[in-house]
Amino acid sequence: MTGRRFPLLRQLAASPTAAVAALLLALLVAAALLAPWLARNNPYDLASLDLLDSHLPPAFLKDGDPRFWLGTDSQGADVLALILYGLRVSLMVGLLAVTISACLGTIAGLVSGYLGGWLDTIVMRVADIQFTFPAMLLALLIGGVTRALLPNELRASLALPIVIVALGISHWPHFARLVRGAVLVEKQKDYVAAARLAGHGRIVTMASQILPNVLNPIFVLATLDIAFAIMSEATLSFLGFGVPPTQPSLGTLIKTGYGYLFSGEWWVVLFPGLTLVVLLVCVNLVGDRVRDWLDPKLRS
Amino acid sequence: MIAFLLNRILHAALVMFVISVLAFVLGDVIGDPVASILGLEAAPADRAALRLRLHLDEPVLVRYGYYVGRFLHGDLGSSYGFQRPIVDLLAERIPATMELALAALALSLAVGVPLGVLAAAHRRSRIMGALMSFSVIGVSLPSFLVGILLIVVFSLWLGWLPSFGRGETVKIGFWTTGYLTASGLKSLVMPALSLAIGQIALVARLSRAEMLGVLQTDYIKFARARGLSDRAVNFSHALRNTLIPIITVSGIQLGYLVAFAIVVEQVFQWPGMGLLFLQALAQTDLPLISAFLLVAGLFFVTINLIVDLLYAAADPRLRIKTLAGRG
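Residues numbered from 1 in each chain as written. Chains lettered and ligands numbered in written order. Predicted model: local features only at pLDDT ≥ 70, side-chain atom pairs only at ≥ 80, totals over all residues. Heavy atoms only, no water.

Asks: Break down the overall build of chain B for me, with residues and values.
Replies: Helix and strand content of chain B: 13 helices and 2 strands. The principal-axis extent of the C-alpha atoms belonging to chain B is close to 85 × 65 × 35 Å. Summed over its atoms, the accessible surface of chain B is roughly 16200 Å², and 69% of this surface lies on carbon and sulfur atoms. Computed over 25 positive and 18 negative side-chain charges, the inter-centroid distance for chain B is 17 Å. (Helix = DSSP H or I, 4+ residues; strand = E, 2+ residues; numbered from the N terminus. Areas by Shrake-Rupley, 256 points an atom, 1.4 Å probe, with all protein chains shown as cover. Lys, Arg positive; Asp, Glu negative; His and termini not counted. Charge placed at Lys NZ, Arg CZ, Asp CG, Glu CD.)

Asks: A description of the environment of Thr97(B) should follow, citing residues and the corresponding values.
Replies: In this structure, Thr97(B) sits in helix 5 (residues 86–121). Taking the C-alpha atoms as reference points, Thr97(B) and Glu265(B), separated by 168 residues in sequence, lie 8.3 Å from one another.

Asks: Hey, could you go over the interface of chain B and chain A for me, with residue numbers and the actual values?
Replies: One widely used convention gives an interface's size as the accessible area the parts lose upon coming together. Residue-level contacts link 44 residues of chain B with 36 residues of chain A. Summing both sides of the interface, chain B and chain A together bury roughly 3400 Å²; the carbon and sulfur share of this comes to 83%. The largest per-residue losses of area from chain B upon contact with chain A belong to Ser140(B), Phe144(B) and Leu281(B), which jointly make up 15% of the total buried on that side. Counting across the interface, chain B meets chain A through 0 salt bridges. Inspection of the chain B/chain A interface yields 3 residue pairs in polar contact (both at pLDDT 80 or more). Taken together, the elements giving at least two residues each to the side of chain B that touches chain A come down to helix 1 (2–30), helix 6 (126–140), helix 7 (143–157), helix 10 (230–268), helix 11 (273–282) and helix 12 (286–314) of chain B. (Contact = heavy atoms within 4.5 Å. Buried area = accessible area lost by both parts, 1.4 Å probe. Salt bridge = Lys/Arg side-chain N within 4 Å of Asp/Glu carboxyl O. Polar contact = N/O pair within 3.5 Å; in protein donor to acceptor, adjacent residues only side chain to side chain.)

Asks: Please set out a nonpolar patch on the surface residue by residue, giving values where relevant.
Replies: All names here are of chain A. Nonpolar side chains collect at one region of the surface, where Val 20, Leu 24, Leu 27, Leu 274 and Val 278 lie side by side and expose about 430 Å² of accessible area between them. Those elements that provide at least two residues to the nonpolar patch are helix 2 (16–33) and helix 12 (267–294). Element by element, the count of residues in the nonpolar patch is highest for helix 2, at 3 residues. Tracing the backbone through its elements, the reader meets Leu 27 in helix 2. (Patch = residues over 30% accessible without salt bridge, like charges linked within 9 Å, V, L, I, M, F, W, Y side chains within 5 Å.)

Asks: Tell me about the packing of helix 5 (residues 117–131) of chain A against helix 1 of chain B, and name the residues and values.
Replies: Interhelical geometry of helix 5 of chain A versus helix 1 of chain B gives an angle of 80° and a closest axis separation of 10 Å. Relative to helix 1 of chain B, helix 5 of chain A is oriented roughly perpendicular. Side by side, helix 5 of chain A and helix 1 of chain B meet where Arg125(A), Asp128(A) and Ile129(A) of the first sit next to Asn7(B), His11(B), Leu14(B), Val15(B) and Val18(B) of the second. (Axes fitted to C-alpha atoms, helices over the stretch in contact; angles between N-to-C directions. Parallel < 35°, antiparallel > 145°, perpendicular 65-115°, else oblique.)

Asks: How would you sum up the nonpolar core? Please name residues and give values.
Replies: Counting residues in each nonpolar core, the largest one holds 141 residues, and the members touching the most others are Leu140(A), Phe238(A), Leu276(A), Leu279(A), Phe144(B) and Ile148(B). Take this core: its biggest share by element is 15 residues, from helix 12 of chain A. Residue-level mapping places this core at the junction of two domains, with at least three residues from each of domain 1 (2–72) and domain 2 (86–282) of chain B. With residues near it in sequence (within four places) discarded, Phe144(B) still touches Ala234(A), Thr235(A), Phe238(A), Ile254(A), Leu276(A), Val263(B) and Val267(B). Core analysis: the second largest hydrophobic core is formed by 13 residues, Val203(B), Leu215(B), Leu239(B) and Ile246(B) among them. (Core = buried A, V, L, I, M, F, W, Y, C linked by side-chain atoms within 4.5 Å. Buried < 20%, exposed > 50% of the residue type's maximum accessible area, 1.4 Å probe, protein only. Domains from an automatic or database assignment.)

Asks: Can you tell me about the domain arrangement of chain B, naming the residues and giving the values?
Replies: Partitioning chain B into domains gives domain 1 (2–72) and domain 2 (86–282). Inter-centroid distance (C-alpha atoms) of domain 1 of chain B to domain 2 of chain B is 37 Å.

Asks: Help me get a handle on unusual backbone geometry, residues and values and all.
Replies: All names here are of chain B. Not every positive phi belongs to a glycine, and Gln 269 is a case in point at roughly 50°. Checked against the element boundaries, Gln 269 lands in the loop between helix 10 and helix 11. Backbone geometry at Thr 284 places phi at a positive 50°, although glycine is not the residue there. Locating Thr 284 in the fold gives a position in the loop between helix 11 and helix 12. Judged by its relative accessible area of 19%, Thr 284 falls in the buried class.

Below you can see the structure in the form of structure tokens.
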């Protein structure tokens, strides 16, 4: 695996913008992973917060407190700590959602491309129907309606899995179409016939012979999709149908911060917003490079 | 061509069927239409009478038939939350959303197309290269953040533009428009801009890519050889042939703009469909959610159908392909 990373590094080094983006992205991911050690306090632990610290502006301003670099919110939580923990949630939701859509879409695409017949017709029709709606609206519909149908006491505890699954479901057709197309090409090749002649069943051939050969495009789409998933999660959370304020993501922080904007506390919304934009730009830039590396044909 | 047409229309009908079944299950099977009309404190006798009148005790299939029949007659039931017929609510809200989406579409085409054409015409220029790499930022900016940023600058700091609402509107028939008053136009600027930013970047990228393809063709070389000016070649000869894909994409775009209008409406408290839908979700207003599903489904199915047909009309190869497929 290490041998295969070098071309990617060379790709990144070829463009200074992408190199900076990759570095920043690595920093953000590291900050998110190390949040419990980097953050001043745990914003989920209400006992560690002091209301006397609330509504403080960033440390570089006149009334700022040197303990809180980016200021505090109405609960007295350190905005920097909130961002670090929020980054964790945003990244986790994004990665899990993409994993779900990649798995669903790959299975659907393999089955429909390789087995064909009525299964193919059904899978592709369902995908077509889903394509009618923009993915973000679909995620909002799935997430919002599921939440609406749940009893009140379950809503908060199930909110996170609901967002992840809603985002995952909203994007599987993209993977299904891609994989199906690749499988249709692969299944004509001799190695597939050889595997069948060697006595492998259809399912085994599909999983052990065809799947490894269609992994590259799946990986490319997954990288590009992470930005979509993170952005959609932030949007859903901003609308109030995503990650709840008890365990806020960047989008949730922006939503709660937006409420304080008109009383002049701009730092509660600005810094999480800035982090989100930097994260998305970096993911997009690195994603473009990964695509160029794995799939030169797709280069625009 | 006719086979292609039939295929698309059948597909649209299938999609509408699936959506209507989902909406029916949501509004009529899970939700309780009696409670939505009479309220929760109605007398049992009234409820029974209404159940009879609405055919609620009949088999599900028959009820689905009545549901579709009511929809075709323009009766979408009543909302729990607002205690009003849903059709009236939608009629009030649809103009606001459509005006917002159309303004954003116009903005994204008016800025994005010339930007893409210039970027393609001057593809070796450093400034254009830098501008195009900035488009990745445009694509990465969530529309709600753009909205918040605009509010901070133009409402809180400068105080030039209102931070919420639609301003004054004028009623023309059933359509309320904000395009005709000064305050309506002022209120439109920031929501339309935040909705359009990501699309401007997309349109610019697309028209640049299309232009680059067209600029390679022979007729452009001939036009240059005839001594026509750069401007005439770029904007009248080349642009004309890049417009077809751009038009089809803007159809799909209108769909996205209407979907993302939900977000922008939340930021600016714009009284459109999106805000209504969010309220419905927050209040578990099942009849309203199910009606929204139907109306949004109809809207997107229609847009997709029109785009498919436009595409077929614009691209003769598609016609030949379907002819070959038939024979």
